[in-house]
Structure formats: structure tokens, C-alpha cells
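Coordinate inspection notes
The lines below spell out each chain.
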Amino acid sequence: MKNQITDLIGLKIYSENGMFIGEVEDVVLDIDSKRIDALAAGKLNPEVVEVKTHKGVKIPYRLVKSISDVIVIRHIPHMFNSGGEL
Amino acid sequence: MKSILARSLSRKQIVTNDGKGIGSLRNLMVDFDTGLITDLVLEPEESFDTTGYTLDGENMLIPFEAVRDIKDFIVVDRYLARM
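The following paragraphs examine the structure supplied in this document. (Residues numbered from 1 in each chain as written. Chains lettered and ligands numbered in written order. Predicted model: local features only at pLDDT ≥ 70, side-chain atom pairs only at ≥ 80, totals over all residues. Heavy atoms only, no water.)

1. Observations concerning the overall build of chain B
The helix and strand inventory of chain B stands at zero helices and eight strands. N-terminal to C-terminal, the α/β element order of chain B is β-β-β-β-β-β-β-β. Over its C-alpha atoms chain B spans a radius of gyration of 12 Å, differing by no more than 12% from the 12 Å that the globule rule assigns to 83 residues. Considering only C-alpha atoms, chain B reaches an extent of 35 × 25 × 20 Å along its principal axes. Taking all 83 residues of chain B together, 47% fall into the buried category. Contacts in chain B between residues at least 24 apart in sequence constitute 40% of all its contacts with a sequence separation of at least 6. A total accessible area of about 4600 Å² is found for chain B, and carbon and sulfur atoms account for 49% of it. (Helix = DSSP H or I, 4+ residues; strand = E, 2+ residues; numbered from the N terminus. Rg over C-alpha atoms; globule rule 2.2 N^0.38 Å. Buried < 20%, exposed > 50% of the residue type's maximum accessible area, 1.4 Å probe, protein only. Contact = heavy atoms within 4.5 Å. Areas by Shrake-Rupley, 256 points an atom, 1.4 Å probe, with all protein chains shown as cover.)

2. Remarks on the pattern of salt bridges
Under the criterion given, the structure shown has ten salt bridges over all chains. Look at the salt bridges and you will find they share partners, linking Lys 12, Glu 23 and Lys 43 of chain A into a network. (Salt bridge = Lys/Arg side-chain N within 4 Å of Asp/Glu carboxyl O.)

Pasting the structure below:
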């Protein structure tokens, strides 16, 4: 189904086990492969992601399970312990 | 791999590979299931003849396949754009 890319901006991101992770602030596009490469997430949940030196994290689009009223991403154990790029 | 932030594309000018201005970018259509970018949604310039192009109200759609490159402008192939 086709959607507007601006519909993604501001959506809340949750992991599949229900943890709030952050909000979509921007979308990283890969022009060569004509795909969404990653979601740039901000307003991060400090309990999940350590935010000291960076404002956001990039969540690879392959981790996205579904997009509707919120975005659900796959949960990978220890994924968010160190923060930074996944 | 060339990656670009979607917000940086906002209002970017779209030109054809033969140097003709078409309009400015309004949005991108994507397939959320596959992550593929399918179309450019743009606002055509008043002087631009939109005959033969896909229109959606005031906006015009150009298949993303037609995009040659994106730097200061979005350059589209003038033949592929008309589908």
C-alpha cells in the first residue's frame, strides 16, 4: 500500500514487547536502492536508550514490523543497552 | 550508498535531464511494507504543461524510477517521468 512519507514523522516507536523507544523525527532514504534505509528516532525513552552524546538513534528499516497508529519494531535483547547506532 | 534525510528534500526543485524546471517537491510516496520509495509528489510550476503526466488534484506524480540523481536539484529522466 502506498503512503506519504510525511505520515511517518512524529509517529511513536514501540518495541514488540511494548517498550516505548522514541518518536520518528526524520527518515533516512537510500537513493541508490530507492528505499527507506532507516528511521531517525528522537525524544528517546531514557530508560531504554542512553542519550549522552547523541540526540537520536537510527533504527534500520528492516527492524520495522508494522506501521499503523504507532510503529512496532522487532525486539533484540540488549539492543538498546549502549545506545548509538544499532 | 547514498543516503539522504527526507526532511532535507522538502521543497526541493525538480528538473528534467534536458534542463526544464518542473516544480517543487511536496512529498514522497512509499510502500511501508517493503520500504520502497514509489513516487515523487510535486507541485508543478504554472508554466509547466502537465499533459501526459499523472495528476492527483493540484499535485503531480512522477515515478521514483525516473530519478537520475539528487543533489541541489532532483533530476528526473524526461521520458521515464511521463508514465
